[in-house]
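Each chain, written out:
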Amino acid sequence: MALALFDLDNTLLAGDSDHLWGDFLSEQGAVDPAWYRAENERFYRAYQEGTLDIYEFLAFSLRPLSEHPLSLLERWRTAFFQSKIEPIMLPAARELLARHRRAGDTLLIITATNRFVTDPIAQAFAVDALLATEPELLNGRYTGKVCGVPCFQSGKVTRLDAWMNERDQTWAGSYFYSDSHNDLPLLERVAHPVAVDPDPQLAAAARARDWPVISLREPDSSP
């Protein structure tokens, strides 16, 4: 039984849930709209360029969780999922997940986006195992801090190694599907790296390494 790993944003989704959550918070008036949107865009560009300071970004993105009660955050999250996420859940992504289920593989979504945002998305894709950046929660309220290693770049490998060791899971036959050059550390570890609708940097790396390149937005090109 092989491990089948899936990035979330711009891989299984036709968009970035972290970025969309920032837009949603701005629309709700939960943050200063003009400032927050500008910073959200700045961090997203840095992510695309591979220059993101993950701790600076998390201080920005997790702060709103600390400023509102959990009950309100959860109501917002439900509305966010319905309005922003459901429309970008790719049918071809569901079929890819189903194909690995039929093969008996162990499915895991691994994402830099925080668990508060991504947990309902993983559930909607019927994937029980999720590795995500963990926002600290104390006494029923988020602190605005990150707990443990962020699930980003080489941090994905660190987090996955720990997860695998706890379950006696091996790399044998493993797959990883991702769109981003930020995931190269993990793509280079698995037996079967697959670039999905890749960004330009990952597309170049995939060509150089002769990795498969597929699209989940153009179903005819999916495996």
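Structure report, in brief. None of these values were measured; they are calculated from a predicted model.

## Focus: the packing of aromatic side chains
Turning to step 1, where the next piece is worked out: If you walk through the whole model with that rule in mind, you get 15 aromatic pairs.
Turning to step 2, where the next piece is worked out: With a centroid separation of 4.2 Å and 25° between ring planes, the pair formed by Y36 and F60 is classed as stacked. Of this pair, Y36 sits in helix α3 (residues 33-49) while F60 sits in helix α4 (residues 54-66); the two residues are 24 residues apart in sequence, bridging distant segments of the chain.
Turning to step 3, where the next piece is worked out: Relative to Y142, the ring of F116 lies with its centre 5.7 Å away and its plane at 75°, an arrangement referred to as edge-to-face.

## Regarding α4
Turning to step 1, where the next piece is worked out: The terminal C-alpha atoms of α4 lie 18 Å apart, and with 13 residues this matches the ideal 18 Å at 1.5 Å per residue to within 8%.
Turning to step 2, where the next piece is worked out: A maximum bend of about 25° is found in α4 at F60, where proline P64 lies one to four positions downstream.
Turning to step 3, where the next piece is worked out: Turning to α4, its buried residues number three or more, namely I54, F57, L58, F60, S61, L62, P64 and L65.
Turning to step 4, where the next piece is worked out: The N-cap of α4, judged by a side-chain oxygen 3.1 Å from the amide nitrogen of Y55 a few residues on, is D53.

## Regarding unusual backbone geometry
Turning to step 1, where the next piece is worked out: The backbone phi angle of N10 is positive, close to 60°, even though this residue is not glycine.
Turning to step 2, where the next piece is worked out: Secondary-structure assignment places N10 in helix α1 (residues 8-12).
Turning to step 3, where the next piece is worked out: For N10, a relative accessible area of 15% corresponds to the buried category.
Turning to step 4, where the next piece is worked out: Although it is not a glycine, A126 adopts a positive phi angle of roughly 60°.
Turning to step 5, where the next piece is worked out: Summarising the element assignment, A126 is placed in the loop between α7 (115-124) and β3 (129-138).

Procedures and definitions
- Residues numbered from 1 in each chain as written.
- Predicted model: local features only at pLDDT ≥ 70, side-chain atom pairs only at ≥ 80, totals over all residues.
- Heavy atoms only, no water.
- Phe/Tyr/Trp six-rings, centres within 6.5 Å; stacked < 30°, edge-to-face > 60°.
- Helix = DSSP H or I, 4+ residues; strand = E, 2+ residues; numbered from the N terminus.
- Expected span 1.5 Å × (residues − 1).
- Bend = angle between axes of the 7 residues up to and from the residue.
- Buried < 20%, exposed > 50% of the residue type's maximum accessible area, 1.4 Å probe, protein only.
- Polar contact = N/O pair within 3.5 Å; in protein donor to acceptor, adjacent residues only side chain to side chain.

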